[in-house]
Amino acid sequence: MAQTYEEMDAIAMLKADHRKVEEIFEQFEKATSKAKKQELAEQACLELKVHTVIEEEIFYPACRGQIEEDLLNEAYVEHDSAKQLINEIEAGGPEEDFYDAKVKVLSEMIEHHVEEEEKRSEGIFSKARSAGLDMDKLAEDMRARKRTAMEEFQAGKPAETRTMAGDDVESAMTDEPLNEGAPR
Ligand SMILES: [Fe+2]
Ligand SMILES: [Fe+2]
């Protein structure tokens, strides 16, 4: 029997998210109606926004000081490039000339990023596992944050970048949630 999401450790959880998003992108490729495409693109964007939050607030900070700094910093920047496209896709619609292209490029960016995370022995997950992080505790924290993040994003919050010029870059170096309670 396959593990349920509630039973998974941190890495299994994050990998399950990756598989889910890959599946949505595959369905997008096959979809023919504009309405179906939009539904799938928005579903992928929502899943990715929640996933990047739990990685950035919980998983990556736990990795700080335990695995190579460069790997983590690149992951944050890759998230931010993806988030810029995600916000574009969510603000747009399938009647736009570049809508399908944006979704396709997003899926390719995510494919590359997932590879960096899951790569055998060289990837972030594998290094985090070798560093001895408590994957069950992290999973518990991520499951809890996932629920609140899902609510926030379903209510229409856009993705927030952390590493771009003008952003609060420090937040990518700490475990602080972004703009928590701060007036905008
Ligand atoms: Fe990930
Ligand atoms: Fe990631």
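This is a predicted model, so every value here is computed, not measured. (Residues numbered from 1 in each chain as written. Chains lettered and ligands numbered in written order. Predicted model: local features only at pLDDT ≥ 70, side-chain atom pairs only at ≥ 80, totals over all residues.)

(A) Expanded view of unusual backbone geometry. Positive phi is not limited to glycine here, since Ser 121 has a value of about 60 degrees. For Ser 121, a count of 8 C-beta atoms within 10 Å corresponds to the exposed category. (Buried ≥ 20, exposed ≤ 12 C-beta atoms within 10 Å, placed from the backbone.)

(B) Expanded view of helix H6 (residues 135-154). If you check H6, its first and last C-alpha atoms are 27 Å apart, about what 20 residues at 1.5 Å a residue would give, namely 28 Å. Residues of H6 that are buried: Met 135, Leu 138, Ala 139, Met 142 and Ala 149. Residues of H6 that are buried sit in contact with helix H1 (10-30) and helix H2 (34-63). In the segment just after H6, Gly 156 is the residue with positive phi, at about 105 degrees. (Helix = DSSP H or I, 4+ residues; strand = E, 2+ residues; numbered from the N terminus. Expected span 1.5 Å × (residues − 1). Contact = placed C-beta atoms within 7 Å.)

(C) Quick peek at the packing of helix H3 (residues 69-91) against helix H4 (residues 99-118). Contact geometry of H3 with H4 gives a least axis separation of 10 Å together with a crossing angle of 160 degrees. Here H4 runs roughly antiparallel to H3, going by the angle between their axes. In the crossing of H3 with H4, the sense of the turn from one axis to the other is left-handed. Of the residues in H4, those touching H3 at Ala 75, Glu 78, Ser 81, Ala 82, Leu 85, Ile 86, Glu 88 and Ile 89 are Lys 102, Val 103, Val 105, Leu 106, Met 109, Ile 110, His 113 and Glu 116. The residue inventory of the contact of H3 with H4, partitioned by class, reads 10 nonpolar, two polar and four charged. (Axes fitted to C-alpha atoms, helices over the stretch in contact; angles between N-to-C directions. Parallel < 35°, antiparallel > 145°, perpendicular 65-115°, else oblique. Left-handed = near helix turned anticlockwise from the far one by under 90°. Nonpolar A, V, L, I, M, F, W, Y, C, P; charged D, E, K, R; others polar.)

(D) Spatial organisation of the environment of Pro 61. Here Pro 61 lies in helix H2. A tally of 17 C-beta atoms within 10 Å means that Pro 61 is categorised as partly exposed. Along the chain, Pro 61 and Met 173 lie 112 residues apart, while their C-alpha atoms are 7.4 Å from each other.

(E) Region of interest: the UniProt feature "domain: Hemerythrin-like" (unreviewed entry) in the protein. Mapped onto the present numbering, the UniProt feature "domain: Hemerythrin-like" (unreviewed entry) falls on residues 10-119. A helix fraction of 85% and a strand fraction of 0% characterise residues 10-119, whose end C-alpha atoms lie 16 Å from each other. (UniProt positions renumbered as here; feature names shortened; annotations may be inferred.)

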